[in-house]
Structures are given as C-alpha cells and as structure tokens.
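Analysis of the macromolecular model
Chain by chain, the residues:
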Amino acid sequence: MAKTIAVVNQKGGVGKTTTTVDLAAALHQLGRRVLVCDFDPQGNATSGFGVDKSASPSIYDVIIDNADPAKAVVSTPWGDLLPANKALSGATVELIGMERREFRLRDALSLLAGNYDEIFIDCPPSLELLTLDALCAADSLLVPVQCEYYALEGLSDLLYTVRLVKKSLNPSLTLEGVVLTMYDGRTNLSLQVAEEVKRHFPGKVYASVIPRNVRLSEAPSHGKPICAYDPASRGAEAYAALAEEFLRARR
C-alpha cells in the first residue's frame, strides 16, 4: 500500500514542483513504484513529465466528475502521473457545494494506492481548498524550503493549517521532512537559513540539499526530469542522494 506524501509550501518559487518531479523520478530509477498527482492548476508537474496538459481525463475530472482515476493515469519513463490543467483552477468553487469535499482526492487516490509504493501530490502554492484536500489525502508532508531571506516567512501559517487538519480531519498526518532547495554553500545566507530551518525542525531536515543549478531550471522546458535531461549534473546527483536518504528514513 502506497504512502501518500503532499509536497507543500504556500510560497511560490521554492522548488516544490521540481522536488516533486525529480524526487519521484529518482525513486523510480531505484525501482520504486511511484505516482505523481499534479494538484496544481498550473500543471507544471504535468509538463515536467513531458505530458500534454490537454490530457483527458485529468485529476479535475476525477475529483469533480467522478472519472475513474485509473483511466486518468499516464505512464511515463519516469513514473506514473495524474495530470492537471487549468480546468483545476475552477475546482475550488465547484468543490464548495459537494459532500465530503475535503476527501475527494483521498477517496480517488485510495483506489490507486495498492499499485504504488509512493504517491506524491504536487500542491498549489497557496493555502486553499485544493491544498486542504491534499492534506486530507496525505499520510505525510514534504516541505521544500528555499535558502533565501524569506524562507521561514509563511511556514508558521502552513504549520497552523496542518495543526487544524490534524485536529479535525486527518489526525495521522505527519511531517515527512524538510528539503533545503536553491542552496549555495558559498554564501553566508544559505548557511544561516539552513541552520535556522534545522533549529525549527530538529531531526526533520534532510542532509541532502538541492543546489542552485541551471540544469534543474532547464529540464522542465524539455519535458524531462533532471535524471533524464542531464544525469551528470549537480542537480541530478542531489536528487539521487535525496531519494536514497528518503528511502533510508522510511526503513
């Protein structure tokens, strides 16, 4: 039975989708059965896997129109994907009047969980109803944190939301870990942010850090994860190391 991990941070530009795509692909290379659920209306994880955003059915059809989630899954050389597109941006309004609105995603993913070892949910960069659905569907959270000045700003809001979800909707939700992204060991700022994050999340910050790497930025425009686009790059090596550390922590 799969473990479902929501990759979440309401700040944009922190490497959330990059981490979702490249960690999942690295785990797939290690022989894990991986599914990525693109739950962001921008559909960046979908294009990052080289899948056309017009793919139908999508995760929107699954949670709104009760489409069969198995028929929405797209297989790629780097793992399976539940694609998203801009139609998902209207789902927040449509979900409001639905019964069990907070559990639509959980119910859908539960039908697929037996086929995978890990399911990753790429969440929107905001604390909205879609993110709430993802938190209710997840067993744990993976939080990418950019090594910049405002890194910790907003994390208190996320943790407050997580506490509310644990209290009333998903009491078993845990913190899987924190991933430091866009790390530059040559700067005092990156070092200071890393130390501050470790102080806030003792024992939960991965030793494998993701460096600033232009190849990581280029890979999505080619529709490939970094392990396929440039396997010798520092970015690919970092996500390979993160995948191994992720699995060690699971044992």
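Structure's up top.
Predicted model only: the values in this text are computed from it and were never measured.

Calculation criteria
Residues numbered from 1 in each chain as written. Predicted model: local features only at pLDDT ≥ 70, side-chain atom pairs only at ≥ 80, totals over all residues. Heavy atoms only, no water. Helix = DSSP H or I, 4+ residues; strand = E, 2+ residues; numbered from the N terminus. Rg over C-alpha atoms; globule rule 2.2 N^0.38 Å. Buried < 20%, exposed > 50% of the residue type's maximum accessible area, 1.4 Å probe, protein only. Contact = heavy atoms within 4.5 Å. Areas by Shrake-Rupley, 256 points an atom, 1.4 Å probe, with all protein chains shown as cover. Phe/Tyr/Trp six-rings, centres within 6.5 Å; stacked < 30°, edge-to-face > 60°. 1 Å grid on protein atoms, 1.4 Å probe; cavity = no way out; pocket = protein on both sides within 12 Å on 5 of 7 lines; lining within 4 Å. Points joined across faces, edges and corners; volume = space filled by probe spheres on them. Pairing = 2+ DSSP bridges. Right-handed = clockwise from strand over helix to strand, strands pointing away.

Moving on: the overall build of the protein. Per the secondary structure count, the protein includes 12 helices and seven strands. Here the C-alpha radius of gyration of the protein, 17 Å, is about what a compact globule of 251 residues would show, namely 18 Å. Judged by the C-alpha coordinates and their principal axes, the protein covers about 50 × 40 × 35 Å. Every one of the 251 residues in the protein was classed for burial, and the buried ones make up 55%. Residue pairs in contact within the protein that sit at least 24 positions apart in sequence constitute 79% of those at least 6 positions apart. Carbon together with sulfur atoms contributes 51% to the accessible area of the protein, which is approximately 11000 Å² in total.

Attention now goes to the packing of aromatic side chains. Within a pair of aromatic rings, the relevant descriptors are the distance that separates the centres and the angle that separates the planes. A full pass over the atoms with the stated rule returns two aromatic pairs. Considering the side-chain rings of Phe-120 and Phe-246, the 5.9 Å spacing of their centres and the 45 degrees angle between planes classify their relative orientation as tilted. Separated by 126 residues along the polypeptide, Phe-120 in strand β5 (residues 118-122) and Phe-246 in helix α12 (residues 234-250) bring together distant segments of the chain. Considered together, Phe-120 and Phe-246 belong to a single accessibility category, that of buried residues. Arranged with centres 5.1 Å apart and planes meeting at 80 degrees, the rings of Tyr-149 and Tyr-150 form a pair that is edge-to-face. Residue class for Tyr-149 comes out exposed when judged on its relative accessible area of 65%. Given a relative accessible area of 47%, Tyr-150 falls into the partly exposed group.

With respect to the element layout, Ser-56 can be found in the loop between α2 (44-48) and α3 (59-65). Assessed through its relative accessible area of 64%, Ser-56 is described here as exposed.

Turning next to the layout of surface pockets. Here the largest pocket defines a volume of roughly 520 Å³. Lining the largest pocket are 29 residues, and of these Gly-15, Lys-16, Thr-17, Thr-18 and Met-182 lie nearest its centre. Looking at the lining of the largest pocket, the elements that each hand over two or more residues are α1 (16-29), α2 and α10 (214-218). Ranked by residues supplied to the lining of the largest pocket, first place goes to α1 with five residues.

Of all seven residues in strand β6 (residues 140-146), seven are buried, a share of seventy percent or more. Neither face of β6 is left uncovered, since the one carrying Ser-140, Leu-142, Pro-144 and Gln-146 and the one carrying Leu-141, Val-143 and Val-145 both have all their residues buried. Looking at chain direction, strand β1 (residues 3-7) and β6 are connected through three bridges and run parallel. Each residue of the ladder has a partner; that of Val-7, found in β6, is Leu-142. Summarising the sheet, β6 and strand β7 (residues 174-181) pair through seven bridges and their orientation is parallel. The residue of β7 that forms the bridge with Pro-144 is Val-179. After leaving β6, the chain enters helix α8 (residues 155-168) and then returns to the sheet as β7, a path that is right-handed.

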